[in-house]
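# Structural description and commentary
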2 protein chains.
Amino acid sequence: MSATPDTVSAAILVIGDEILSGRTKDKNIGTIADYLTAAGIDLREVRIVPDEAAMIVEAINALRARYTYLFTTGGIGPTHDDITADCVAEAFGIGIDVDERARAMLLERIKPEDLNEARLRMARIPFGADLIPNSISKAPGFRIGNVIVMAGVPAIMQAMLDAVGPTLTGGAAMQSVTVEAHGIPEGTYAGELGAIAKRHGAVSIGSYPMMTPEGFRNRIVARARDDGSLAAAVAEIEALVARLSD
Amino acid sequence: MSATPDTVSAAILVIGDEILSGRTKDKNIGTIADYLTAAGIDLREVRIVPDEAAMIVEAINALRARYTYLFTTGGIGPTHDDITADCVAEAFGIGIDVDERARAMLLERIKPEDLNEARLRMARIPFGADLIPNSISKAPGFRIGNVIVMAGVPAIMQAMLDAVGPTLTGGAAMQSVTVEAHGIPEGTYAGELGAIAKRHGAVSIGSYPMMTPEGFRNRIVARARDDGSLAAAVAEIEALVARLSD
């Protein structure tokens, strides 16, 4: 499916050496993908980069220019490798400093005498950003322009996504219908399925083989924003599967 | 950690609408990340793009120019949305057609009368590529230049990775030491940890909070190729944790 001007698009930028080394397995991409699909926002691209300023800044600028929204995860804690907020400021060419609203949020959880320089890093927010509350550990995320900066810890990321979600402009939600084709090998229906896809340009049609203990189990998924277009394509797919099942 | 000229680097390009829609949760990134780390190859970047030729070609060319190896997953099946091989050929500016070696592999599993046009798509290989055997469903992956093209189904991807692994040039394997800091809040050690990281430039030091039912549990991970550098940094980290635990 191609992006059309009336769609709302998004990208995700995952920031962190620990994902690239394999030490931590990312769970946020799938969570955000599900969330955006339900909101009618097209997730168009994901990038994962290490904790290096040049790569983070480059990715922020490439993705925020190209999509309606950019969501980042990771790199907003108190340690030296948490450089996301500074990179966002650099990407936008704006200043960054301790934000008094953010400091107040930290003080809901941290005693004043424990609010050392490292912890105060979590209150460094680019000028002009809106804060995203963090119901779990208080240190906020933020939004500036179309860039939404969230934590990497999955439970905190989820809390921030829930907080920022209602402020997003959603598109028409993508409708999806799955046709089970289990008994039929993918290569048997692929030619005719391609012809159906060509006839229904507004419908995104994919074929997804999965391995199960009983062998491959194939599913055909049709997705579209418009119910009528979707129903017409699904009717043809179901007729194809029924004919090949005989 | 910055890439130095003697390191071997890699990127992963995951191709597929089903990952971006959230319908399928990617498992290949973590598998390949673990594999590369063990082989001493630095995974530096990951991108996920939809089944659209322009985006696939752009990503292939950006990533193959920048890193020692590029691994792709997905889009090499028999259906109309499987366009990875054609995109690789386009990215390299070379031709593509049915490869007789690949056709022979398909015929190990598929009867000649069932080898229709759709299934033959799985034998379309860019000119000059080396095939990567697929012990599970026979349809091969391939390697051309520094680009390694694999299936998206995790079990098949794993079989292809195992097949291609011994042909890769590995770097010195990255050594990793984890120091448990559970009792100590991240914000308490962050300042001094940053100073240690600054003193040990050859060592990549990260701090990773995890939420557990008992609250945050923090781990400090130090990584380096050189044992001596690593040991020196770890000694300082352990001393820091021991002092703060008192």
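Residues numbered from 1 in each chain as written. Chains lettered and ligands numbered in written order. Predicted model: local features only at pLDDT ≥ 70, side-chain atom pairs only at ≥ 80, totals over all residues. Heavy atoms only, no water.

### Digging into the environment of Arg 225 of chain B
Residue and element names in this part refer to chain B. In this fold, Arg 225 is placed in the loop between strand S11 (215–224) and helix H9 (227–245). As for Arg 225 and Ala 235, which are separated by 10 residues in sequence, their C-alpha atoms are 16 Å apart. Of note is the side chain of Arg 225, whose polar atom sits 3.4 Å from the backbone oxygen of Gly 40. Side chain to side chain, Arg 225 and Asp 42 meet in a polar contact 3.5 Å long. (Helix = DSSP H or I, 4+ residues; strand = E, 2+ residues; numbered from the N terminus. Polar contact = N/O pair within 3.5 Å; in protein donor to acceptor, adjacent residues only side chain to side chain.)

### A word on the relation of the copies chain B and chain A
With an RMSD of 0.0 Å, the operation that places chain B on chain A is a rotation of 180° combined with a shift of 0.0 Å along the axis. A rotation of that kind, with that shift, is consistent with a two-fold axis. Within chain B, the C-alpha atom positioned nearest to the axis of rotation is that of Arg 47 of chain B, 2.2 Å from it. Taken as a fraction of all interface residues of chain B, those also at the interface in chain A reach 100%, which identifies the copy contact as same-surface. (Least-squares fit on C-alpha atoms with pLDDT ≥ 70 in both. Contact = heavy atoms within 4.5 Å.)

### Observations concerning the packing of helix H8 (residues 186–199) of chain A against helix H9 (residues 227–245) of chain A
Residue and element names in this part refer to chain A. Where H8 contacts H9, the axes come no closer than 10 Å and their chain directions differ by 165°. As far as their axial angle goes, H9 and H8 are roughly antiparallel. In the crossing of H8 with H9, the sense of the turn from one axis to the other is right-handed. Contacts between H8 and H9 pair Thr 188, Tyr 189, Glu 192, Leu 193, Ile 196 and Arg 199 from the former with Ala 233, Glu 236, Ile 237, Leu 240, Arg 243 and Leu 244 from the latter. Looking at the contact of H8 with H9, its residues break down into seven nonpolar, one polar and four charged. (Axes fitted to C-alpha atoms, helices over the stretch in contact; angles between N-to-C directions. Parallel < 35°, antiparallel > 145°, perpendicular 65-115°, else oblique. Left-handed = near helix turned anticlockwise from the far one by under 90°. Nonpolar A, V, L, I, M, F, W, Y, C, P; charged D, E, K, R; others polar.)

### Notes on the packing of aromatic side chains
All names here are of chain A. If you walk through the whole model with that rule in mind, you get two aromatic pairs over all chains. Taking 6.3 Å as the distance between ring centres and 50° as the angle between the ring planes, the aromatic pair formed by Tyr 69 and Phe 71 counts as tilted. Assigned by exposure class, Tyr 69 and Phe 71 land together as buried. Over the face of the ring belonging to Phe 92 we find Arg 64, whose NZ or CZ atom lies 3.8 Å from the ring centre. (Phe/Tyr/Trp six-rings, centres within 6.5 Å; stacked < 30°, edge-to-face > 60°. Buried < 20%, exposed > 50% of the residue type's maximum accessible area, 1.4 Å probe, protein only. Lys NZ or Arg CZ within 6 Å of the ring centre and 35° of its normal.)

### With respect to the nonpolar core
Burial of nonpolar side chains together is a common tendency in soluble globular proteins. Phe 71 and Phe 142 of chain A together with Phe 71 and Phe 142 of chain B are the most contacted members of the largest nonpolar core, which totals 126 residues. Every residue in contact with Phe 71 of chain B, bar those within four places of it in the chain, is listed here: Ala 10, Ala 11, Ile 12, Leu 13, Leu 36, Ile 148, Met 150, Leu 161 and Leu 168 of chain B. (Core = buried A, V, L, I, M, F, W, Y, C linked by side-chain atoms within 4.5 Å.)

### Observations regarding the side chain of Ser 21 of chain A
Residue and element names in this part refer to chain A. Mapped onto the secondary structure, Ser 21 falls in the loop between helix H1 (17–20) and helix H2 (28–39). Overall, the relative accessible area of 10% leaves Ser 21 in the buried class. In this structure the side chain of Ser 21 is engaged in a polar contact, spanning 3.2 Å, whose partner is the backbone nitrogen of Arg 23.

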